[in-house]
Amino acid sequence: MFGATGVLDVNCLPWCHIYIDDADTGRNSPALGLQLAVGRHVLKVVNPPTGAYQERVIEIAKEGRARELFRF
């Protein structure tokens, strides 16, 4: 499955900035259609005005679509 990808949609209430595997994606929520390699990833979202953040491990399936919703 080398090179296989899936898609991630992220939404936060209120808005957040998105990091995947400690890398800044440069994206804020809502972010639809983020292409990721198949497998496990650490998704971290940060609400810049408050500094609040949440992390979770997500699983991306081949040609699948994962959807994550965060509430602060």
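Check the entry above for the structure.
Residues numbered from 1 in each chain as written. Predicted model: local features only at pLDDT ≥ 70, side-chain atom pairs only at ≥ 80, totals over all residues. Heavy atoms only, no water.

### Thoughts on the state of the cysteines
Next up, step 1: By the definition in use, this model includes 1 disulfide.
Next up, step 2: Put simply, Cys-12 and Cys-16 are joined by a disulfide, and their sulfur atoms are 2.0 Å apart. Of note, the bridge from Cys-12 to Cys-16 carries an S-S torsion of about 60° and is right-handed in sense. As far as burial versus exposure is concerned, Cys-12 and Cys-16 are alike and both buried. (Disulfide = S-S within 2.5 Å. Buried < 20%, exposed > 50% of the residue type's maximum accessible area, 1.4 Å probe, protein only.)

### Section: the environment of Gln-35
Next up, step 1: Its place among the elements puts Gln-35 in strand E4 (residues 31-37).
Next up, step 2: Along the primary structure Gln-35 and Ile-60 are separated by 25 residues, whereas in three dimensions their C-alpha atoms are 9.5 Å apart.
Next up, step 3: Discounting residues that sit within four places of it in the chain, Gln-35 has contacts with Thr-5, Gly-6 and Val-7. (Helix = DSSP H or I, 4+ residues; strand = E, 2+ residues; numbered from the N terminus. Contact = heavy atoms within 4.5 Å.)

### Considerations on the sheet that holds strand E2 (residues 17-20)
Next up, step 1: Taken together, 4 strands build an open sheet; the order of strands is E3-E2-E5-E6 and the sheet is antiparallel. A single partner strand is all that each edge strand has here, and the edge strands are strand E3 (23-28) and strand E6 (52-60). With strand direction ignored, the average angle separating the axes of adjacent strands in the sheet is 25°.
Next up, step 2: Relative to E3, E2 runs antiparallel, the two being bridged by 4 bridges. (Pairing = 2+ DSSP bridges. Axes fitted to C-alpha atoms, helices over the stretch in contact; angles between N-to-C directions.)

### Remarks on the side chain of Ser-29
Next up, step 1: Secondary-structure assignment places Ser-29 in the loop between E3 and E4.
Next up, step 2: Look at Ser-29 and you get buried, because its relative accessible area is 11%.
Next up, step 3: Discounting chain neighbours no more than four positions away, the residues touching Ser-29 are Val-10, Asn-11, Cys-12, Trp-15, Cys-16 and Ile-18.

Scope: geometric values only; no functional claims are made or implied.
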